[in-house]
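Given next are the chains, with one letter for each unit.
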Amino acid sequence: MDNCLFCKIIAGEIPSTKVYEDDDVFAFRDINPQAPVHILVVPKQHICCARAVNAENSACVAKCFEAIAKIAKAEGLDNGYRVINNCGEDGGQTVMHLHFHLLGGLKLSEKMV
Ligand code: 5GP
Ligand code: ZN
């Protein structure tokens with residue numbers, strides 16, 4: 001997808017600190033970390049947001065969560081972690097390529113749910 005920041009990061013056109021990659025998933029450290037471990041887990045397929053997940057593309061969401069379990073183990077998040085998806089304007093999404101924030105490395109306090 002032209003002009004998508006995360007597509008450019010996946011393609012290596014914009015540098016990132018990669019922590020994981022497989023055929024379907026790319027993961028890298030957030031540029032503005034909100035916790036000691038803050039990793040963005042992104043499907044390689046361009047899907048704009050959670051609203052656009054459907055029966056044709058939902059396998060990549062499962063792949064993201066498989067990757068999250070592996071990354072969390074590799075990062076030593078044995079005591080738990082949080083996965084967040086922001087969707088659309090009201091959800092606070094700023095980059096319109098579906099992604100999951102993996103946060104951990106401390107006892108997370110702010111909870112909405
Ligand atoms: P959102 O607000 O869409 O849920 O999350 C977007 C995330 O992307 C933010 O946490 C932001 O810090 C991160 N981000 C934005 N631009 C870049 C970048 O160029 N590189 C990296 N590594 N993270 C970025
Ligand atoms: Zn994209």
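Please refer to the structure higher up on the page.
Below is a short write-up of the structure. Starting from 1, residues in each chain are numbered consecutively following that chain's sequence as written. Labels are handed out in written order, letters beginning with A for the chains and numbers beginning with 1 for the ligands. Residue-level local features of this predicted model are given only where pLDDT is at least 70; pairs of side-chain atoms are given and counted only at 80 or more, and the full residue set underlies all totals for whole chains, interfaces and linings. Water and hydrogen atoms play no part in the side-chain values, which are based on all heavy atoms of the structure.

1. Here's the deal with the packing of aromatic side chains
Right, on to step 1. Each Phe, Tyr or Trp ring (for Trp, its six-membered ring) is paired with any other whose centre lies within 6.5 Å, and the angle between the two planes then decides the class: stacked below 30 degrees, edge-to-face above 60, tilted in between. All told, the structure shown has three aromatic pairs when counted by the stated rule.
Right, on to step 2. Each ring, one from Phe6 and one from Phe28, has its centre 5.3 Å from the other, and the planes form 80°; the classification is edge-to-face. Highlighted residues: Phe6 in helix H1 (residues 5-10) and Phe28 in strand S2 (residues 25-29), separated in sequence by 22 residues. Accessibility classification places Phe6 together with Phe28 in one group, the buried group.
Right, on to step 3. Ring geometry for Phe65 and Phe100: centres 5.1 Å apart, planes at 65°, overall edge-to-face. Remark: Phe100 occurs in strand S5 (residues 100-104) and Phe65 occurs in helix H2 (residues 59-74); sequence separation between them is 35 residues.
Right, on to step 4. Each residue's exposure class comes from its accessible area (1.4 Å probe, protein chains only) as a fraction of the maximum for that residue type: buried when under 20%, exposed when over 50%, partly exposed otherwise. Taking the relative accessible area as the measure of exposure, Phe100 reaches 8% and is therefore buried.
Right, on to step 5. Every member of this aromatic cluster is reached through a ring pair, and the members are Phe6, Phe26 and Phe28. Helical segments are the DSSP runs of H or I of at least four residues, strand segments are the runs of E of at least two, and each set is numbered from the N terminus.

2. Considerations on the sheet that holds S2
Right, on to step 1. Read from one edge to the other, the open sheet built from five strands follows the order S1-S2-S3-S5-S4, with strand pairing classed as antiparallel. Both edges of this open sheet fall to strand S1 (18-21) and strand S4 (82-84), since each of them pairs with a single strand only. Going across the sheet, the axis of each strand differs from the next one's by a mean of 20°, ignoring polarity.
Right, on to step 2. Contacts were defined at the residue level, with two residues in contact if any of their heavy atoms lie within 4.5 Å. To define axes, lines are fitted to C-alpha atoms, for helices over the stretch in contact only, and angles between the resulting N-to-C directions are given on a 0 to 180 degree scale. Here H2 sits on the sheet and contacts S1, S2, strand S3 (37-43), S4 and S5; the angle it forms with S3, its principal contact strand, is near 150°. Any two strands with at least two DSSP bridges between them are considered paired.

3. Notes on the nonpolar core
Right, on to step 1. Note on terminology: a nonpolar core comprises buried Ala, Val, Leu, Ile, Met, Phe, Trp, Tyr and Cys residues joined through side-chain atoms within 4.5 Å. Core analysis: the biggest nonpolar cluster contains 18 residues, and Ile39, Val41, Ile71 and Phe100 have the highest contact counts within it.
Right, on to step 2. Every element with two or more residues in this core is listed here: S2, S3, H2 and S5.
Right, on to step 3. When residues in this core are grouped by element, the largest group, seven residues, is from H2.
Right, on to step 4. Residue contacts for Val41: discarding those within four places in its chain leaves Val25, Phe26, Ala27, Cys64, Ala67, Ile68, Ile71, His99 and Phe100.
Right, on to step 5. Membership of the second largest hydrophobic core comes to 10 residues, among which are Cys7, Ile9, Phe28 and Leu40.

4. Focus: the coordination of the zinc ion (ligand 2)
Right, on to step 1. Coordinating donors are taken as N, O and S atoms within 2.8 Å of the metal, stretched to 3.2 Å for Na, K and Ca; because water is absent from the atoms, sites can appear incomplete. Those donors, Cys4 (SG), Cys7 (SG), His46 (ND1) and His97 (ND1), are the protein atoms that reach the zinc ion (ligand 2), and they lie 2.0 to 2.3 Å from it.
Right, on to step 2. Note on geometry labels: four donors, all angles 85 to 135 degrees, give tetrahedral; four donors become square planar and six octahedral when opposite donors are over 155 degrees apart and every other angle is between 65 and 115; remaining cases are irregular. Here the zinc ion (ligand 2) binds four donor atoms, and the angle range of 105 to 115° at the metal identifies the geometry as tetrahedral.
Right, on to step 3. In primary sequence terms, the donor set of the zinc ion (ligand 2) follows C-x2-C-x38-H-x50-H.
Right, on to step 4. In this structure Cys7 comes out as buried when scored by relative accessible area, which is 13%.

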